[in-house]
Amino acid sequence: MNLFKALSYKEWMKTRKFILVVFVLLAAVAVYSYIDITYAIRIEEAVNIWYGFIFQGVSVSNLMMYLIPLSGISMAIVQFVPEMTNKRFKLTLHLPASETRLVSAMLLYGYGVLFALYLACIVFMSVIIGLVMPSEVVHMMVSQFLPWITAGLAGYGFTAWICVEPSWKQRIFNMLISIGLLSVLFVSVYPKTYSYFGWGMILVLVSSFVFPFYSCVRFKQGIQ
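First things first, this report covers the structure right here in the doc. (Residues numbered from 1 in each chain as written. Predicted model: local features only at pLDDT ≥ 70, side-chain atom pairs only at ≥ 80, totals over all residues. Heavy atoms only, no water.)

## With respect to the packing of aromatic side chains
Here's step 1: Summed over the entire model, instances satisfying the criterion amount to eleven aromatic pairs.
Here's step 2: With a centroid separation of 6.1 Å and 40° between ring planes, the pair formed by F158 and F211 is classed as tilted. Of this pair, F158 sits in helix α6 (residues 135-164) while F211 is found in helix α8 (residues 198-220), placing the two residues 53 residues apart along the sequence.
Here's step 3: With relative accessibility at 1%, the residue F158 sits in the buried group.
Here's step 4: Centroid distance W161 to F211: 4.8 Å. Interplanar angle 50°. Geometry classified as tilted. Taken as a pair, W161 in helix α6 and F211 in helix α8 lie far apart in primary sequence, 50 residues in all.
Here's step 5: Classification of W161 as buried rests on a relative accessible area of 5%.
Here's step 6: The ring of W168 is capped by R171, whose NZ or CZ atom sits 4.5 Å from the centre of that ring. (Phe/Tyr/Trp six-rings, centres within 6.5 Å; stacked < 30°, edge-to-face > 60°. Helix = DSSP H or I, 4+ residues; strand = E, 2+ residues; numbered from the N terminus. Buried < 20%, exposed > 50% of the residue type's maximum accessible area, 1.4 Å probe, protein only. Lys NZ or Arg CZ within 6 Å of the ring centre and 35° of its normal.)

As C-alpha cells, then:
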C-alpha cells in the first residue's frame, strides 16, 4: 500500500502545476460562458436566447469542446513523456509489484484527477448557468458535455498508449487508431445526440485504459 501511495505522490509532484493550470482554465471558460450569455440576454430578449439553446442546439460553451479533450491529452503528455525521455518508466516497472498494478495505478491517477476536474467544472457551470437559464438548458448542456468529457478521459488513455509505445512506426498506428475512435465522439455537437450511445462511449473509454498495457509489454520486451 505504501508503494502505491508513494507512486501517487510522485505523479502528483510531476503534474500538480499542470492540474492547477487546467483548473484555472476550466473555471475561466465557465465564467466567460456565463458573462457571454448574460450579455446576449441584455442585447436580445431572453426568450430568443432560450429558444436557441433548447430548439436549435446552440452550445452554452463551444470552447469546452476543445479545452476538455486537449486537457486530457496534455495530462498524459505531462505525466508520461518525462518517464520515457528520462528513462524513469523502466525503473518504475522494476518496483516490487506487478507491471499491471503499477501501470494501472499511474493510469487511474490520471483518470481520477481529470474526472474530478471535469465533475467540478460541470457542477460549477450548472450552478452559474442555472442562475440565468431554465433547467432544460442546464440538462442539455450536461448531455452535450458528456461525449466531450469521455473524449478528455479517453484522449488521456490513448495518449499514454502512444507515449509508452517504444516503436515509432507503432506509435503512428496507435495515433491513427486513437484519432479514429475519438472522432466518433465528435460526430455531432447537438445536445442528446449521444443519449443512446452510452455503450459506445464506455467502449471507447475502456479501450483507452486497456491499450496502454499492450505497449507496456512491448516496452518491457525491449522492442524498438
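## Observations regarding helix α7 (residues 168-183)
Here's step 1: With 16 residues, α7 ought to run about 22 Å at 1.5 Å a step, and its terminal C-alpha atoms sit 22 Å apart, in line with that.
Here's step 2: At its buried positions, α7 is contacted by α6 and α8. (Expected span 1.5 Å × (residues − 1). Contact = heavy atoms within 4.5 Å.)

## Some words on the side chain of S215
Here's step 1: Take S215: it is sitting in helix α8.
Here's step 2: Judged by its relative accessible area of 0%, S215 falls in the buried class.
Here's step 3: Within polar-contact distance, the side chain of S215 engages the side chain of E165 at 2.8 Å. (Polar contact = N/O pair within 3.5 Å; in protein donor to acceptor, adjacent residues only side chain to side chain.)

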